[in-house]
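An overview of the molecular structure
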2 protein chains.
Amino acid sequence: MLESKDMNESHQERMEKIVSLCKRRGFIFPSSEIYGGFSGVYDYGHYGTLLLNNVKAAWQKSVAQERMDVVLLDSAIFMHPTTWKASGHIDGFNDPQVDCRKCKSRFRADHMLEEFGINADKQPLDWINTELDKLREEKKLVCANCKSADLTEAKVFSLMVKSNLGSPTDALTEDNVVYLRPETCGGIYLEYKNTVDSLHPKLPFGIAQIGKAFRNEIVAKQFVFRTREFEQMEMQYFHHQSQTNNIFEQWHNYRWAFYLDYGIPESKLNWHKHDKLAHYASDAYDIEYNYAMLGGFKELEGVHARGDWDLSQHSKFSGQDLSYFDEATKERFTPHIVETSVGVARMTLAFLDNAYTEEEVGEVDVTGKKDTRVVLKLDKRLAPVKVAVLPLSKKEELSVPAQALWKKLSKKMFVEYDDTQSIGKRYRRQDEIGTPYCVTVDFDTLTDNAVTVRDRDTMQQERINLDNLEAYLVEKLG
Amino acid sequence: MLESKDMNESHQERMEKIVSLCKRRGFIFPSSEIYGGFSGVYDYGHYGTLLLNNVKAAWQKSVAQERMDVVLLDSAIFMHPTTWKASGHIDGFNDPQVDCRKCKSRFRADHMLEEFGINADKQPLDWINTELDKLREEKKLVCANCKSADLTEAKVFSLMVKSNLGSPTDALTEDNVVYLRPETCGGIYLEYKNTVDSLHPKLPFGIAQIGKAFRNEIVAKQFVFRTREFEQMEMQYFHHQSQTNNIFEQWHNYRWAFYLDYGIPESKLNWHKHDKLAHYASDAYDIEYNYAMLGGFKELEGVHARGDWDLSQHSKFSGQDLSYFDEATKERFTPHIVETSVGVARMTLAFLDNAYTEEEVGEVDVTGKKDTRVVLKLDKRLAPVKVAVLPLSKKEELSVPAQALWKKLSKKMFVEYDDTQSIGKRYRRQDEIGTPYCVTVDFDTLTDNAVTVRDRDTMQQERINLDNLEAYLVEKLG
């Protein structure tokens with residue numbers, strides 16, 4: 001009965017469809033659109049907000065609530081500026097940029113080289129410019145936008161976003177500049193000591209947090225995949241060096257299992273081992289997801305062994321003792337760290353990409369053609385709205401009990417109420433936003449005290465007594 | 001049996017006790033402490049994060065989930081800079097500052113005048129300096145820190161926080177400066193059109209959002225009451241002008257009822273009507289809470305009628321039509337707005353202040369003295385941890401079933417596991433973080449399949465069969 005129509009579409013087509021659905025149905029809007037837009041930033045509408053909330057709740061439940069060995073933190077976006085000297089971000093968090101002198105487009109030089117199959121990952125600027133020059137001589141290097149060959153050489157620009165918080169004066173100088181964090185883990189390192197002093201956790205243990213971070217990306221593109229303002233979910237797991245291999249493997253498996261649990265098929269996931277490690281890292285893998293809308297596998301989540309770099313550096317720059325004393329072994333040492341790190345939008349986009357489905361349905365429409373439906377087959381725990389209450393008519397006979405039902409269910413979950421147009425159209429609207437259950441209140445309800453419950457994925461309908469409905473839904477929604 | 005010890009303490013004492021508890025037990029840490037601190041910003045530890053999450057969830061449930069007429073939004077911190085020209089923030093969002101030339105302390109000039117009973121609210125700078133000069137002549141004006149009379153005249157400083165997001169160059173100029181939002185409602189006005197176009201809500205309806213905002217406060221003080229980085233919960237309710245009075249009263253009552261529902265006694269709440277309204281406002285009230293730790297009533301939440309100022313201004317500056325067409329009356333008009341606005345930290349601080357209790361308990365300790373307990377009597381829905389599982393011994397006989405119980409309950413809620421020190425000490429630890437229920441697994445559990453459940457507030461204990469425990473707790477926790 002259900003036939004997938006997705007097979008032959010190009011990834012650009014799929015991208016356009018999903019971006020369009022996101023805007024049309026109130027998931028994701030381009031920022032500041034009435035003022036002509038603000039690049040590299042997105043706003044989340046009603047359903048997008050609910051979806052993000054559910055994605056974050058799923059992560060927090062898995063990484064903290066269900067683990068005796070992980071605690072939470074919610075540290076501020078702003079930190080003491082020395083934080084980013086210690087971490088190496090002020091000196092080293094740069095990207096190489098090439099400008100088109102003709103159309104003023106900006107490009108990442110490493111991405112330009114990648115187009116020619118040249119891997120510039122972690123290469124110095126000189127090396128990059130030498131490679132660009134070779135392409136220039138071969139007349140291969142042109143602006144991707146206007147095709148002009150009049151491109152600048154590569155220069156490095158800091159990704160760090162600056163601010164005058166705390167200094168309400170006009171000029172930003174080296175003395176008063178503060179930074180918006182480029183990643184949330186910095187806050188975890190700074191609060192490692194307070195966490196240990198207040199909660200007295202025994203090693204190994206983790207600190208997890210969700211929060212916004214900011215990067216002056218040269219090119220923000222691919223919808224919400226890479227944005228200048230974004231939200232991260234990071235967990236830093238502190239342990240003795242001798243445990244690194246075991247712990248790395250445990251988190252490796254634990255995070256992989258998370259995606260399977262939330263409905264991503266294993267065939268769409270891939271482990272990518274980093275060839276070049278940061279100088280402090282002992283091992284680094286990314287979980288890649290095959291974004292059909294982006295045309296292939298892209299980094300989704302990082303699982304990295306960071307050694308004792310972070311606490312050592314912050315101890316050195318702050319002069320504070322960040323070592324741990326193990327009562328059992330009487331050993332004092334600086335804990336090593338395994339981190340897991342994923343962007344909220346990137347994870348949400350993976351779930352959206354995986355959920356977006358077009359199906360030819362067996363139902364024949366008024367014109368005699370087979371009907372098509374768009375349905376977001378999100379895991380029910382992630383679905384923005386759990387239930388839609390649909391009275392068959394706007395008459396008071398039905399609206400009174402339907403609204404009473406809405407009110408009762410709304411104490412437990414987000415519930416939609418829709419009494420406009422035909423039931424078929426209302427089902428389609430709920431399919432498009434991924435609502436797992438539609439509950440129709442009809443005239444029989446007035447005599448049999450029951451409603452029709454329609455399942456999003458199977459489109460099967462079941463008659464359920466109103467007295468059992470809440471328990472039925474709670475059980476089905478998991 | 002229970003006797004309150006709070007009666008005669010000064011508010012400074014209470015402040016110190018609560019700030020100390022927050023740090024000692026992992027609720028709230030000063031930011032960047034290992035680097036000497038970062039003023040006006042705080043980090044939230046494990047229990048603080050959970051408490052904030054629950055406060056935000058309570059607001060969202062009340063303001064959006066349980067209301068058919070309110071939708072959500074999660075708009076970005078960064079917006080097009082014209083947003084803040086239209087809103088009047090760039091020209092008018094200033095505070096008057098006085099500096100001490102001797103010790104370099106900074107003061108809000110209006111707060112200095114307030115100390116002398118002079119209300120400088122919304123007064124121009126000239127007026128403020130005239131009043132300061134009078135005090136100067138009377139030799140009454142000295143630095144609150146070092147008592148020097150060598151103070152500057154008042155100057156205005158913008159509260160807007162600047163950034164170079166999108167312009168990764170060194171200099172911040174008028175051309176490339178962007179702002180961190182000083183309030184979240186700006187995002188709601190910018191996404192009003194996309195919300196209407198995607199969700200088709202009928203007036204009246206509201207858009208609610210939770211998010212961070214930033215202000216270059218001259219003086220950040222009173223713990224988390226006034227900080228430079230903070231989180232807001234704002235709801236903008238769009239309606240026809242003729243409905244303003246009714247709607248204003250409805251939200252007035254609705255928000256007041258929220259605090260009563262979450263355990264704030266009516267005697268600690270107060271309505272403060274603004275004497276001086278912003279030029280666009282038709283009515284403005286604040287809900288004030290009597291913060292015992294701050295020595296009196298302070299603004300908690302604003303409920304303001306903003307007229308059609310916001311949408312009119314953004315329509316004028318963007319050239320976009322932000323009017324609404326009413327199908328029923330065939331009238332086209334710019335919606336008026338009633339807003340409710342509250343800070344997450346300010347609300348959390350009210351709940352903490354209200355919950356913090358010291359009690360002499362009837363139990364006599366080993367030295368023969370009556371014992372005192374500190375208990376956070378938070379509403380159970382707000383409590384960071386819902387249940388603590390406490391095995392009476394560390395022996396495997398008890399740890400195996402206790403950990404199995406922890407694991408089962410942790411699928412539903414945040415549960416603590418504690419097997420260190422005496423049961424009495426463990427109860428006190430849970431009281432201090434406001435855990436509603438302690439569940440003791442003892443040797444009898446192995447034969448009667450039951451556990452002892454102790455209630456935080458009454459300290460009464462009940463023996464509950466393990467088969468019924470989850471249902472018992474879920475029902476009690478609401």
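Here's a quick rundown of the structure. (Residues numbered from 1 in each chain as written. Chains lettered and ligands numbered in written order. Predicted model: local features only at pLDDT ≥ 70, side-chain atom pairs only at ≥ 80, totals over all residues. Heavy atoms only, no water.)

1. Quick word on the overall build of chain A
Looking only at helices and strands, one finds 15 helices and 24 strands in chain A. Judged by the C-alpha coordinates and their principal axes, chain A covers about 75 × 65 × 50 Å. When contacts within chain A are restricted to residue pairs at least 6 apart in sequence, those whose partners lie at least 24 apart make up 65%. Total accessible area on chain A stands at roughly 20,100 Å², and carbon and sulfur atoms take up 48% of it. (Helix = DSSP H or I, 4+ residues; strand = E, 2+ residues; numbered from the N terminus. Contact = heavy atoms within 4.5 Å. Areas by Shrake-Rupley, 256 points an atom, 1.4 Å probe, with all protein chains shown as cover.)

2. Describing the sheet that holds strand β20 (residues 387-391) of chain A
To summarise the sheet geometry, strands pair through backbone hydrogen bonds and adopt either a parallel or an antiparallel arrangement. Residues and elements named next belong to chain A. Strand order in the open sheet made by the five strands is β21-β20-β22-β23-β24, with mixed pairing throughout. Looking along the sheet, the strands with just one partner apiece sit at the ends: β21 (415-417) and β24 (461-465). The average angle at which neighbouring strand axes cross in this sheet is 25 degrees, direction not considered. The pairing of β20 with strand β22 (residues 437-441) spans five bridges and is parallel. (Pairing = 2+ DSSP bridges. Axes fitted to C-alpha atoms, helices over the stretch in contact; angles between N-to-C directions.)

3. Some thoughts on the pattern of salt bridges
Side chains that carry opposite charge are capable of pairing whenever their charged atoms lie near each other. Under the defined criterion, the tally for this structure stands at 77 salt bridges over all chains. The partner of Lys212 of chain A in a salt bridge is Glu229 of chain A, and the shortest N-O contact between them spans 2.7 Å. With a gap of 17 residues between them, Lys212 of chain A in strand β10 (residues 205-214) and Glu229 of chain A in strand β11 (residues 229-239) connect regions that are remote in the sequence. Salt-bridge contacts for Arg429 of chain B lead to Asp418 of chain B; the nearest nitrogen and oxygen are separated by 2.7 Å. With Arg429 of chain B in helix α13 (residues 423-433) and Asp418 of chain B in the loop between β21 (415-417) and α13, this pair connects stretches of sequence that are eleven residues apart. Put simply, Glu359, Asp371, Arg373, Lys377, Arg428, Asp431 and Arg454 of chain A are held in one network by salt bridges that share partners. (Salt bridge = Lys/Arg side-chain N within 4 Å of Asp/Glu carboxyl O.)

4. Some remarks on the interface of chain B and chain A
Taken together, the contacts link 89 residues of chain B with 89 residues of chain A. Taking both sides of the interface into account, the surface hidden between chain B and chain A amounts to around 7,200 Å²; carbon and sulfur atoms contribute 60%. Summed over the shared surface of chain B and chain A, the number is zero salt bridges. Taken together, chain B and chain A are joined by 36 residue pairs in polar contact (both at pLDDT 80 or more). (Buried area = accessible area lost by both parts, 1.4 Å probe. Polar contact = N/O pair within 3.5 Å; in protein donor to acceptor, adjacent residues only side chain to side chain.)

5. Let's talk about the relation of the copies chain B and chain A
When chain B is brought onto chain A, the operation consists of a screw motion whose angular component is 180 degrees and whose axial shift is 0.0 Å, with 0.1 Å RMSD remaining. The superposition of one copy onto the other is thereby described by a two-fold rotation axis. Relative to the rotation axis, the closest C-alpha in chain B is found at Ser163 of chain B, a distance of 2.2 Å. A shared interface surface links the copies, since 100% of the contact residues of chain B are contact residues in chain A too. (Least-squares fit on C-alpha atoms with pLDDT ≥ 70 in both.)

6. Here we look at the nonpolar core
If you look at the biggest cluster of nonpolar residues, it comprises 153 residues, and the most contacted ones within it are Tyr259, Met347 and Phe351 of chain A together with Tyr259, Met347 and Phe351 of chain B. Excluding anything up to four places from it in sequence, Met347 of chain A contacts Val55, Trp59, Met233, Arg255, Phe258, Tyr259, Leu300, Glu301 and Val342 of chain A. Within the second largest apolar cluster, 28 residues are counted, among which are Leu73, Tyr179, Phe238 and Ile337 of chain B. (Core = buried A, V, L, I, M, F, W, Y, C linked by side-chain atoms within 4.5 Å. Buried < 20%, exposed > 50% of the residue type's maximum accessible area, 1.4 Å probe, protein only.)

7. Topic: the state of the cysteines
All names here are of chain B. Counted according to the given criterion, the structure contains zero disulfides over all chains. Of all cysteine sulfurs, the one in Cys438 lies closest to Cys22, which takes part in no disulfide; the gap is 19 Å. Using a relative accessible area of 1% as the deciding quantity, one classes Cys22 as buried. (Disulfide = S-S within 2.5 Å.)

8. A few points about the pairing of strand β5 (residues 94-99) of chain A
Put simply, side chains in a regular strand alternate between the two faces of the sheet. Residue and element names in this part refer to chain A. The pairing of β5 with strand β7 (residues 155-158) spans four bridges and is antiparallel. The residue bridging Asn94 from the neighbouring strand is Ser158, located in β7. Across three bridges, β5 lies against strand β6 (residues 106-108) in antiparallel orientation. For Asp99, the partnering residue across the bridge sits in β6 and is Arg106. A loop of six residues connects β5 with β6, the two strands running antiparallel in sequence, and Lys104 in this loop sits at a positive phi of about 70 degrees.

9. What about the sheet that holds strand β5 (residues 94-99) of chain B?
Residues and elements named next belong to chain B. Pairing is antiparallel in the open sheet, where three strands are placed in the order β6-β5-β7. Each edge of the sheet is formed by a strand with only one pairing partner; in this case those strands are β6 (106-108) and β7 (155-158). Adjacent strand axes in the sheet meet at a mean angle of 50 degrees, parallel and antiparallel pairs treated alike.

10. Description of the environment of Val439 of chain A
Residue and element names in this part refer to chain A. Mapped onto the fold, Val439 is located in strand β22. Linking Val439 and Tyr262, residues 177 residues apart in sequence, is a C-alpha distance of 24 Å. When neighbours within four sequence positions are excluded, Val439 is seen to be in contact with Val387, Ala388, Val389, Leu390, Leu405, Val451, Thr452, Val453 and Leu469.

11. Examining the side chain of Thr227 of chain A
Residues and elements named next belong to chain A. Within the fold, Thr227 resides in the loop between β10 and β11. Looking at Thr227, the relative accessible area reads 8%, which means it is buried. Polar side-chain contacts of Thr227 include one of 2.8 Å to the backbone oxygen of Glu229. Once you skip the residues sitting within four places of it in the chain, Thr227 turns out to touch Gly40, Tyr42, Glu217 and Ala220.

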